Amino acid sequence: MELSMSTLFFFSLGGVFLGVLAWIWYITFAHPLSSVPNASFLAPISRLLWALPSEYQGQITLDLPRLHEVYGPLVRIGPNEVSFYSLDIYKAVHSVRSPFAKDPRVYGQFVQDAHPALFSITDAFEHSQRRRLMGQLFNQSKMNALEGMMTQHISAFVHALEQRISQPIEVVRACRALEADIVSAFGFGEQIGAIGAWENGEDLNMIKANDEKSKIIALCSSFPTLASVWDQAKAMLYNVTGWQSKSTSALKDFDQRKWSANQLTRLLTPKTAPQAHPNFISTMLASRLPAPSALSEAKEMLGPGTDTTSATLAHILWALAHDISYQDALVQDLMDAQWPNDMSSLESIPRLRAAVKEGIRWTGAAAAMLPRVVPEGGCTLAGTFIPGGTVISSSPIWYLHDKTAFPEPKLYRPSRWLNDESRSDEQVKLRDDFYIPFSKGSSACIGIHFAYFELFLSLSKILQNFQVTLPPTPAWPVIPREARLPERLEWVAAVPTVDLNVLYFPRGLKR
Ligand code: HEM
């Protein structure tokens, strides 16, 4: 019997349909991850189908803890992806010599010019080699060498603030300018000019471009080929018509044509290389790291190094503006210590250490879930077998905002880190265990001491010069209180959805 073309077509269509149904049945009910509760009925089919809107709107890390509260420590978020919320699992996954590697699909999105840097290197051996090399600048003992460079930019920032005495200042943008200049001066030996741009009322396009990119990281990592086709299409459009978007042009100006390439040329020319302060590229070149890799490292560091520390400083200043009595007591302590500039004196002032630690915890600036790949052979997590190749992830900020370790976690309360005698040993242990803002293990933040030093110094210098208060508005009366974490969106970094406005008044304590 001969079959007509249309019958054949319908049979094939039916076959494909049945095949898809069988696959959906398998992936939902028979797959090794089928015993893990689903974030949505669409999760076993595709992460993007249920999570894309929430990822694009910076909500996923806010939504998932609520699902974990209902379903427990494991939640399936994609056909091959599991979210976990458990400190024990976190410690095992992010341990030293952990067999759980960084997920190359996600970390690959951060690679600059095909030269992976520490953050985006996914091979464990290469990563540990690079980390050892970079330790010569980032180790705690090296921090005081950076004091001159940091103080120079903080002074420029203080000077810029002096021009705006008693005007409300939006601190997130302001602090971002300060930190961008500090991190770029550290990386390239010269600041990117962000404080100057901020004084003129502008944001650097390059920084805006980074923001845009962080919104689509989830899409790019799910469809890496699509993302690279899109980049090529944009390049073709530019070649044919000369048109490019503002963010593409900002990144190009920064990357190839202007700023960063010029800095490298300058540093490779001994006569023009700055000698005043150590900088990352020169130190790496002297240690024989090839120039393109040193350049990628410095470029890749600019985003995470700037956004995290600046958001934290901004939140601390805004919180201290709510609580003048803590601010005044802190200023008194700094005065008693004679406004020190070195790391060990600064960190030994308990109120300063508490203000900064609580600021880092409360701000939870590095919001991203950190995806790791389960090694071949699989592993058992919370009593459930997870097959090799599964991507598992968790955000450090969930632990920083955990109610059991930090009662009323959304309140800025530096006293959590003072007066340990009033707490049981168990409470202190829980608090210290859950404090993982820089993650843990061999990929924990290499910038931890840099960040602390920068925050100690900036906060101390700003308070030495100004009293910070809230602008008095009818909706926002200035009564001393603990600040509540503002509403925010969370992408790679957390971004408040409201302006954090602060007034600066001269303190009259300048030396
Ligand atoms: C409050 C400030 C900061 C916070 C909360 C923070 C948080 C983090 C976290 C959670 C990671 C782990 C990421 C992962 O596993 O994927 C990380 C890694 C990293 N951070 Fe930071 N960071 C801060 C400041 C800085 C600064 C100031 C720099 C540089 C100047 C920096 C450079 C890096 C680098 C290079 C890595 C990759 C480390 C590796 O893979 O070995 N961070 N940071």
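Above this note sits the structure.
Residues numbered from 1 in each chain as written. Predicted model: local features only at pLDDT ≥ 70, side-chain atom pairs only at ≥ 80, totals over all residues. Heavy atoms only, no water.

### Some points on the sheet that holds strand β4 (residues 169-170)
The strands that make up a sheet are held in pairs by hydrogen bonds between backbone atoms, and each pair lies either parallel or antiparallel. Test applied: Paired strands, as defined in this entry, are two strands with at least two bridges between them according to DSSP. Helix numbers and strand numbers start at the N terminus; a helix is a DSSP run of H or I with at least 4 residues, a strand a run of E with at least 2.
A sheet is described by the order of its strands in space; here three strands give the open sequence β4-β12-β9, paired in antiparallel fashion. Every interior strand has two partners, whereas the edge strands, β4 and β9 (466-469), have only one. Summarising the sheet, β9 and strand β12 (residues 501-506) pair through four bridges and their orientation is antiparallel. Along β12, the bridge assignment pairs T469 with L503.

### Notes on the packing of aromatic side chains
Note the threshold: Only centres within 6.5 Å qualify two rings of Phe, Tyr or Trp (six-membered ring in Trp) as a pair; their planes then separate them into stacked at under 30 degrees, edge-to-face at over 60, and tilted for everything else. Relative accessibility under 20% of the residue-type maximum defines a buried residue, over 50% an exposed one, and the middle range a partly exposed one, all with a 1.4 Å probe and only protein chains included. Ring-over charges, as used throughout, are those where CZ of Arg or NZ of Lys falls within 6 Å of the ring centre and within 35 degrees of the ring normal.
Tallied over the entire structure, the rule returns 20 aromatic pairs. A ring pair is formed by F9 and F10, whose centres lie 5.6 Å apart and whose planes are at 70 degrees; its orientation type is edge-to-face. Taken together, a centroid distance of 6.3 Å and an interplanar angle of 55 degrees make the contact between F186 and F280 tilted. With F186 in helix α8 (residues 171-188) and F280 in helix α15 (residues 280-286), this residue pair connects regions lying 94 residues apart in the sequence. Both residues of the pair, F186 and F280, belong to the buried class. Above the face of the W198 ring, R164 is positioned so that its terminal group lies 4.3 Å from the ring centre.

### A closer look at the coordination of the iron atom of the ligand
As a reminder, the rule being used: Only N, O and S atoms count as donors, using a 2.8 Å cut-off from the metal and 3.2 Å for Na, K and Ca, and because water is excluded some sites may appear unfinished.
You will see that the iron atom of the ligand has only one donor from the protein, C445 (SG), lying 2.3 Å away. Note on placement: C445 falls in the loop between α21 (425-434) and α22 (448-465).

### Details of the sheet that holds strand β8 (residues 391-393)
Pairing is mixed in the open sheet, where five strands are placed in the order β1-β2-β8-β5-β3. Edge positions in the sheet fall to β1 (74-78) and β3 (101-102), since each of these pairs with one other strand and no more. The pairing of β1 with strand β2 (residues 81-84) spans four bridges and is antiparallel. Across the sheet, the residue bridging to G78 is E81, located in β2.

### Comments concerning the side chain of H127
You can see H127 is positioned in helix α6 (residues 124-138). Judged by relative accessible area, which is 7%, H127 ranks as buried.

### Here's the deal with the environment of A101
Stated formally: Here a residue-residue contact requires only that any non-hydrogen atoms of the pair lie within 4.5 Å.
Positionally, A101 belongs in strand β3. Sequence separation of A101 and A233 is 132 residues, and the distance between their C-alpha atoms is 32 Å. Sequence-distant contacts of A101, that is, excluding residues within four places in its chain, are made with T122, P371, R372 and V373.

### A closer look at the site of the ligand
The criterion, for reference: Here, proximity means that at least one heavy atom of the residue falls within 4 Å of the molecule or strand. In protein, a polar contact requires one atom able to donate a hydrogen and another able to accept it; more generally it is a pair of N or O atoms within 3.5 Å, and residues adjacent in sequence count only if both atoms are side-chain atoms.
Neighbouring residues of the ligand: 26 residues in total, closest K102, Y107, H127, R131 and C445. R131 is positioned with one of its side-chain polar atoms (N or O) 2.6 Å from an oxygen atom of the ligand. Measuring from an oxygen atom of the ligand, one finds a side-chain N or O atom of R372 at 2.8 Å. When contributions to the shell around the ligand are tallied by element, the ones reaching two or more residues are α6, α16 (291-322) and α22. Of all the elements, α16 adds the most residues to the shell around the ligand, at five residues.

### A short note on the pattern of salt bridges
For clarity, the cut-off: Take a side-chain nitrogen of Lys or Arg and a carboxyl oxygen of Asp or Glu: if they are within 4 Å of each other, that pair is a salt bridge.
Taken as a whole and assessed by the stated rule, the structure comprises 18 salt bridges. Here E55 and R47 are joined by a salt bridge, their closest N and O atoms 2.7 Å apart. Classification of E55 as buried rests on a relative accessible area of 9%. With relative accessibility at 16%, the residue R47 sits in the buried group. Residue D307 pairs with R176 through a salt bridge whose shortest N-O separation is 3.2 Å. Linking D307 in helix α16 with R176 in helix α8, this pair joins segments that are 131 residues apart in sequence. One network of salt bridges, in which partners are shared, links R47, E55, E81, D103 and R105.

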